[in-house]
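# Architecture at a glance
Single-letter residue listing:
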Amino acid sequence: MNQSIEERARALAEPLLAESGFTLWDVIFEKEGAMNYLRILFDKEDGVNDEECALMTAPLNEIMDKQDFIKHVDILEAGSPGLTRRLRRAEHFEQSINKPLRVLKRGEKGKSNAFYGILTAYDHEKNEISLKTESETVILNIKNCQRINLNL
């Protein structure tokens, strides 16, 4: 089975976090500079504090250290997705309907365009979001967006 590092880490982290009363928000494997980061972001209804992040770091680190994919990871981070959390998965968009977003969209000639507005709809089939800005409703294809975050 050829799963991605994110998928494999998600499968391991999700039940471990659930046992402690947390929900997994996202697992992100990305390169920053010369380093490869594996970020495990979790939450609970009333938010996550620093002590809870520290509490979950050791068991997450222990389970990830035993995996063969860990050789590709330079830094493992475990923590809260924060108030301006990044939206990447279908459930993120579904949970964020009627919430304010900041969308950075790829523009022409390497320039980016920022859109601010309320997420009014998410179409999983078309991979599109509808954003009500101050002046109009904009439909954006998610694959053309560099970054989508809550804008609280």
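Higher on the page you've got the structure.
From a predicted model like this one, the values you see are computed outputs, not experimental measurements. (Residues numbered from 1 in each chain as written. Predicted model: local features only at pLDDT ≥ 70, side-chain atom pairs only at ≥ 80, totals over all residues. Heavy atoms only, no water.)

The number of helices and strands found in the protein is three helices and eight strands. Walking the protein from its N terminus toward its C terminus, one meets helices and strands in the order α-β-β-α-β-α-β-β-β-β-β. Counting only C-alpha atoms and orienting by the principal axes, one finds that the protein spans roughly 50 × 35 × 30 Å. The burial tally for the protein puts 35% of its 152 residues in the buried class. Within the protein, contacts between residues at least 6 apart in sequence are counted, and of these 52% link residues at least 24 apart. Only carbon and sulfur atoms are counted for the fraction: they give 47% of the accessible area of the protein, which is about 9,300 Å². (Helix = DSSP H or I, 4+ residues; strand = E, 2+ residues; numbered from the N terminus. Buried < 20%, exposed > 50% of the residue type's maximum accessible area, 1.4 Å probe, protein only. Contact = heavy atoms within 4.5 Å. Areas by Shrake-Rupley, 256 points an atom, 1.4 Å probe, with all protein chains shown as cover.)

Moving on, we get to the sheet that holds strand S3 (residues 75-79). The strand order across the open sheet formed by three strands is S1-S2-S3, and the pairing between neighbours is mixed. Two strands in the sheet have a free side with no partner beyond their single neighbour: strand S1 (23-32) and S3. For this sheet the average axis-to-axis angle between neighbouring strands, irrespective of direction, equals 15°. Against the sheet, helix H1 (residues 5-19) touches S1 and strand S2 (35-43), its axis set at about 145° to S1. (Pairing = 2+ DSSP bridges. Axes fitted to C-alpha atoms, helices over the stretch in contact; angles between N-to-C directions.)

Scanning the model with the defined rule gives 13 salt bridges in all. Residue Arg85 is joined to Asp43 by a salt bridge in which the shortest nitrogen-to-oxygen separation is 2.7 Å. Of the two residues, Arg85 is situated in the loop between S3 and helix H3 (90-95) and Asp43 in strand S2; the sequence distance between them amounts to 42 residues. Per residue, the accessibility class of Arg85 equals that of Asp43, and both read buried. Look at the salt bridges and you will find they share partners, linking Glu30, Glu32, Arg39, Glu77 and Arg86 into a network. (Salt bridge = Lys/Arg side-chain N within 4 Å of Asp/Glu carboxyl O.)

Among the structural elements, Glu52 can be located in helix H2 (residues 50-65). A polar side-chain atom of Glu52 sits 2.3 Å from a polar atom in the side chain of Lys44. The residues contacting Glu52, other than those within four sequence positions of it, are Phe22, Phe42, Lys44 and Gly47. (Polar contact = N/O pair within 3.5 Å; in protein donor to acceptor, adjacent residues only side chain to side chain.)

Looking now at the sheet that holds strand S5 (residues 112-123). With antiparallel pairing, five strands are arranged side by side in an open sheet as S7-S6-S5-S4-S8. Edge positions in the sheet fall to strand S7 (137-141) and strand S8 (145-150), since each of these pairs with one other strand and no more. Averaged over all neighbouring strand pairs, the angle between strand axes comes to 40°, with direction disregarded. Across five bridges, the pairing between strand S6 (residues 128-132) and S7 is antiparallel. Within the sheet, the bridge partner assigned to Lys132 lies in S7 and is Thr137.

A few words now on the pairing of S6. Each regular strand carries side chains that alternate between the two faces of the sheet. Direction of pairing for S5 relative to S6: antiparallel, over a ladder of five bridges. When the bridges of S6 are listed, Tyr122 appears paired with Ile129. In sequence, S5 turns back onto S6 through a hairpin of four residues, with Asn127 there showing a positive phi of about 60°. Remark: four residues form the turn of the hairpin made by S6 and S7, two consecutive strands paired antiparallel.

Worth remembering: the numbers are spatial, not functional.
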